[in-house]
Amino acid sequence: MARREKGGFWVGLAAIVFYPVTAIGKRVYRGGEKVPREGGAVLVMNHISHLDPVVDAVFVHRQRRVPRFFLKESLKQVPVLGRIVDGSGQIPVSRGSSAAGDSLKHAHEALAEGKVIVIYPEGTITKDPEGWPAKAFTGAARLALQNDVPVIPVARWGTNRIFNGYTKKFTPLPRKTVTHLVGDPIDLSRYRGGNPRSAKALREVTDVIMDRITELLAEIRQEQPPAKKPDDA
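In this text, all values refer to a predicted model and were calculated from it rather than measured experimentally.

J.: Could you clarify how one ought to interpret the nonpolar core in this entry?
T.: Most often, soluble globular proteins have nonpolar side chains that are buried together. With 25 residues, the main nonpolar core has Val44 and Ile209 as its most contacted residues. Looking at this core, the elements with two or more residues in it are strand S2 (41-45), helix H4 (102-112), strand S5 (116-119), helix H5 (139-146) and helix H7 (199-221). If one sorts the elements of this core by residue count, H7 sits on top with six residues. Dropping the residues within four chain positions of it, valine 44 is found in contact with Ile119, Pro121, Ala140, Val151, Ile152, Pro153, Val154, Ile209 and Ile213. Counting 16 residues, the second largest nonpolar core, distinct from the first, contains Ala41, Leu43, Phe69 and Val116.

J.: What is the right way to look at unusual backbone geometry in this model?
T.: The general pattern is negative phi for most residues beyond glycine and trans for most peptide bonds. Following leucine 173, the chain continues into proline 174 via a peptide bond in cis, with omega recorded as -10°. Relative to the assigned elements, proline 174 resides in the loop between strand S8 (169-170) and strand S9 (177-182). Positive phi, normally seen in glycine, also occurs at arginine 64, with a value near 70°. Position of arginine 64 among the secondary structure elements: in the loop between helix H2 (52-62) and strand S3 (67-72). The class of arginine 64 is partly exposed, set by a relative accessible area of 22%. Although it is not a glycine, glutamine 222 adopts a positive phi angle of roughly 55°. For glutamine 222, the position within the fold is in the segment after H7. A relative accessible area of 67% means that glutamine 222 is categorised as exposed.

J.: When you look at H7 in this model, what are you seeing that I'm missing?
T.: In an α-helix, one full turn covers 3.6 residues, which means residues spaced three or four apart are oriented alike. When the terminal C-alpha atoms of H7 are compared, their 33 Å separation across 23 residues agrees well with the 33 Å that a helix rising 1.5 Å per residue should span. Trailing H7 by a residue or two, glutamine 222 shows a phi angle of about 55°, which is positive.

J.: Can you walk me through the packing of helix H1 (residues 8-22) against H2 in this structure?
T.: Packed helix pairs are specified by the crossing angle of their axes together with the interaxial distance, meaning the distance between the axes. Contact geometry of H1 with H2 gives a least axis separation of 9 Å together with a crossing angle of 115°. As for how H1 packs across H2, the hand of that crossing is left-handed. Of the residues in H2, those in contact with Val11, Ala15, Phe18, Tyr19, Val21 and Thr22 of H1 are Val54, Val55, Ala57, Val58, His61 and Arg62. Taken together, the residues of the contact of H1 with H2 break down into nine nonpolar, two polar and one charged.

Here is what the cut-offs are and how they apply
- Residues numbered from 1 in each chain as written.
- Predicted model: local features only at pLDDT ≥ 70, side-chain atom pairs only at ≥ 80, totals over all residues.
- Heavy atoms only, no water.
- Core = buried A, V, L, I, M, F, W, Y, C linked by side-chain atoms within 4.5 Å.
- Buried < 20%, exposed > 50% of the residue type's maximum accessible area, 1.4 Å probe, protein only.
- Helix = DSSP H or I, 4+ residues; strand = E, 2+ residues; numbered from the N terminus.
- Contact = heavy atoms within 4.5 Å.
- Expected span 1.5 Å × (residues − 1).
- Axes fitted to C-alpha atoms, helices over the stretch in contact; angles between N-to-C directions.
- Left-handed = near helix turned anticlockwise from the far one by under 90°.
- Nonpolar A, V, L, I, M, F, W, Y, C, P; charged D, E, K, R; others polar.

Put into structure tokens, the structure is as follows:
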């Protein structure tokens, strides 16, 4: 069995806090062995609830890795939580400021150091009422094309049934099933070797990533996704 990646005191504290929270749902992990046990990797995931970062952090930690998320800079000002965010190596995002671009720089550095980055390409919770992924930003594609690391698609479903971020409806009982389904690394070889900052390439890679996540989500839900992404309708 692969050795667990060392996370230090603050990662341990986060685990103590987050693991009991995720017990609110019945956890089902499928394909977790596809998450690399060592070396840098980008995990690209859909986003359906404010609970996602907590359950996703526990999911990655159960795969014996320490996840790094993009989190709002303001969270560092929250007592205790701010220390966890800083001490566990999370990546601060200063939206709307001159420092906004620093987050990707920190992500590149983390990947070069062999860390796992978790990113929600949509940037926020999907606005589709049925929970399907919407058109995404190109940040994940930038990481994928500028770093020679696996890009692993992961779909998650069920957190939205516990807490709906738009209606603010919290329904912990009866317990819902929260499923994570991990796909094979996305083959981006046809895009490598060119200009990793090309707007055309970034958009195409972003669409490839989101299509794969949507396919995995459809497999979990046993439903057909819409023909067009919500933002395209």
